[in-house]
Amino acid sequence: MGAGGRMTASERAAQEKSEWAAAGVRADSNQVKKSPTAPPPFTLGQIKKAIPPHCFNRSVLRSFSYVVHDLILSSAFLYFALKWIPTLPDPFHYAAWPLYWVAQGCVLTGVWVIAHECGHHAFSDYSLLDDVVGLVLHSALLVPYFSWKYSHRRHHSNTGSLERDEVFVPKKKIVLPWYSKYMSNNPVGRLLTLVVQLTLGWPLYLAFNVSGRPYPRFACHYDPKSPIYSDRERVQIFISDVGVVTAAYALYRLSTLFGFWWMVRVYGVPLLIVNGWLVLITYLQHTHPALPHYDSSEWDWLRGALATVDRDYGILNKVFHNITDTHVAHHLFSTMPHYHAMEATKAIKPILGEYYQFDGTPVFDAMFREVKECVYVEQEDGSEGGKTRGVFWYNNKF
């Protein structure tokens, strides 16, 4: 231990490796062992018992402290952009804007994650408070809060299911469009795929259900009559639309005062970065060669919830409130607040063993690897008792 009882970086890395080994997880995180697909030898109740009870406690004051922290940072970056950048000489002036965009985009992604917690009732013990905070924060980022809350809840209820999962549902080879093999088999095609996915993926999903599960008719997050929602949810979908329209009108008024390009620089580009991070984080959480998917003959909730992977985003783990490196625990206990998720993750690793997946591959390396290797899913080879199992793995062979 270092001075004052604090671990050095090397000591911390050694401890993490020993924890992964104890849990049956590969320490050389570039090659994660495939997750087991047999029914786990533990129950959700046994996993919960391994977690200290206080990890399930939600504090209004503590949750709001993260909102205040992020909004103060966001305001400071905005002040920097409006007051300081214009005073810089030209070469530095143009270089400073990208720094603002990246910093503001990352902090606002943290705000997005807090609103996401509200949708899971992980912000406080009061559902109405959660919904008010979530509606305000998500609307400010042009997200239809209730619309996404309900579709995302169904994602959590059906994770890993080829028929019923809501987002990043992988396709079977037979239904891929004709151009897929040309896009996935060369670097330019893969780069183009990523660019489209990270810039247009989020609005296309909200508006047209792109990458979502198929519905019998047109599905849209802005449509109160969309097949995504039940009759009792439709009024709240309308409220979400009002929230987005109100925020959009406020942005329009600001644009008339300060100019369109002012709005693009100050708000538009950071929002694009938020949307890109959101898509990338979700994609990497659920897309990995080690993760199985199941059809209806094999799927169950616990195995589906375990079909996700924790990633390491470095310092951004904290900026994103650890949604990146505690996602397995989040899928098991989605009402747990993010500030307890790291402690809970450490507690459940020994229970989960090989069912826990972590990949420490640098994020951008992982992004290009996954888009290359995870093109479609195919059924697992072999059978049990003469019956083919409904387990599917990613593949990229054409």
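Residues numbered from 1 in each chain as written. Predicted model: local features only at pLDDT ≥ 70, side-chain atom pairs only at ≥ 80, totals over all residues. Heavy atoms only, no water.

*Asks:* How should the overall build of the protein chain be read in this particular structure?
*Replies:* Check the secondary structure of the protein chain and you find 15 helices and seven strands. Here the protein chain has a C-alpha radius of gyration of 22 Å; the compact-globule value for 398 residues is 21 Å, and the two agree. If one aligns the C-alpha atoms of the protein chain with their principal axes, the spans along those axes are about 70 × 60 × 45 Å. Looking at the 398 residues of the protein chain, the share that counts as buried comes to 50%. The long-range share in the protein chain, meaning contacts at least 24 apart out of those at least 6 apart in sequence, stands at 69%. As displayed, the protein chain offers around 19,300 Å² of accessible surface, 65% of which is attributable to carbon and sulfur atoms. The positive charge centre, built from 37 side chains, and the negative charge centre, built from 33, are 3 Å apart in the protein chain. (Helix = DSSP H or I, 4+ residues; strand = E, 2+ residues; numbered from the N terminus. Rg over C-alpha atoms; globule rule 2.2 N^0.38 Å. Buried < 20%, exposed > 50% of the residue type's maximum accessible area, 1.4 Å probe, protein only. Contact = heavy atoms within 4.5 Å. Areas by Shrake-Rupley, 256 points an atom, 1.4 Å probe, with all protein chains shown as cover. Lys, Arg positive; Asp, Glu negative; His and termini not counted. Charge placed at Lys NZ, Arg CZ, Asp CG, Glu CD.)

*Asks:* What exactly am I supposed to notice about the pairing of strand β7 (residues 391–395) here?
*Replies:* One face of the sheet, then the other: side chains in a regular strand alternate in exactly this way. The element β7 is largely enclosed, with a buried count of five among its five residues. Here β7 shows no split at all, with Val-391, Trp-393 and Asn-395 on one side and Phe-392 and Tyr-394 on the other all buried. For strand β1 (residues 293–294) and β7, the ladder comprises two bridges, and the chain directions are antiparallel. Residue pairing in the sheet places His-293 in a bridge with Phe-392 of β7. The pairing of strand β4 (residues 376–379) with β7 spans four bridges and is antiparallel. Note on β7: the bridge partner recorded for Val-377 is Tyr-394. (Pairing = 2+ DSSP bridges.)

*Asks:* Please explain the UniProt feature "domain: Fatty acid desaturase" (unreviewed entry) in the protein chain as it appears in this structure.
*Replies:* Under the UniProt annotation, "domain: Fatty acid desaturase" (unreviewed entry) lies at residues 96–357. In residues 96–357, helix accounts for 60% and strand for 2%; the two terminal C-alpha atoms are 38 Å from one another. (UniProt positions renumbered as here; feature names shortened; annotations may be inferred.)

*Asks:* Looking at this structure, how should I read the nonpolar core?
*Replies:* If you look at soluble globular proteins, the nonpolar side chains tend to sit buried side by side. Residues Trp-112, Trp-202, Trp-277, Tyr-313 and Phe-320 are the most contacted members of the largest nonpolar core, which totals 59 residues. Residue assignment for this core shows that the elements contributing at least two residues are α3 (60–84), α4 (90–119), α5 (127–140), α6 (145–157), α8 (187–208), α9 (234–258), α10 (260–286) and α15 (363–373). With 15 residues, the single largest contributor to this core is α10. Setting aside its immediate chain neighbours within four residues, Trp-112 contacts His-138, Leu-141, Val-143, Trp-148, Trp-202, Val-274 and Leu-278. Core analysis: the second largest hydrophobic core is formed by 19 residues, Ile-51, Ala-305, Val-328 and Tyr-356 among them. (Core = buried A, V, L, I, M, F, W, Y, C linked by side-chain atoms within 4.5 Å.)

*Asks:* Quick question: what am I supposed to make of unusual backbone geometry here?
*Replies:* Most peptide bonds adopt trans geometry, and most residues besides glycine take a negative phi value. Located in the positive-phi region is Leu-142, a residue other than glycine, with phi close to 60°. Looking at where Leu-142 falls in the secondary structure, it is placed in the loop between α5 and α6. Judged by its relative accessible area of 24%, Leu-142 falls in the partly exposed class. Located in the positive-phi region is His-321, a residue other than glycine, with phi close to 55°. Within the fold, His-321 resides in the loop between α12 (316–319) and α13 (327–332). On the basis of relative accessible area, His-321 is assigned to the buried category, the value being 4%.

*Asks:* When you look at the packing of α8 against α10 in this model, what are you seeing that I'm missing?
*Replies:* Two quantities define a packed helix pair, namely the angle between the axes and the distance from one axis to the other. The N-to-C vectors of α8 and α10 enclose an angle of 95°; their axes lie 8 Å apart at closest approach. Classified by the interaxial angle, the pair formed by α8 and α10 is roughly perpendicular. Judged by residue contacts, Gln-197, Leu-198, Thr-199, Gly-201 and Trp-202 of α8 engage Leu-272, Asn-275, Gly-276, Leu-278, Val-279, Leu-280 and Tyr-283 from α10. Grouping the constituent residues of the contact of α8 with α10 by class yields seven nonpolar, five polar and no charged. (Axes fitted to C-alpha atoms, helices over the stretch in contact; angles between N-to-C directions. Parallel < 35°, antiparallel > 145°, perpendicular 65-115°, else oblique. Nonpolar A, V, L, I, M, F, W, Y, C, P; charged D, E, K, R; others polar.)

*Asks:* I tried to follow the environment of Leu-254 on my own but got confused; where do I start?
*Replies:* Along the chain, Leu-254 turns up in helix α9. Every residue in contact with Leu-254, bar those within four places of it in the chain, is listed here: Gly-259, Trp-262 and Met-263.

*Asks:* Honestly, the sheet that holds β4 in this entry has me stumped. Any pointers?
*Replies:* Strand pairing in a sheet takes place through backbone hydrogen bonds and is either antiparallel or parallel in direction. Pairing is antiparallel across the open sheet formed by three strands, whose spatial order is β1-β7-β4. Only two strands of the sheet have a single partner each, and these edge strands are β1 and β4.

*Asks:* When you look at the pattern of salt bridges in this model, what are you seeing that I'm missing?
*Replies:* Note on pairing: side chains with opposite charge can pair once their charged atoms come close. Using the criterion set out here, one finds 13 salt bridges in the structure. Across the pair Arg-234 and Asp-231 runs a salt bridge whose closest N-O atoms are separated by 3.0 Å. The network of salt bridges with common partners includes Glu-298, Asp-300, Arg-303, Glu-380 and Arg-389. (Salt bridge = Lys/Arg side-chain N within 4 Å of Asp/Glu carboxyl O.)

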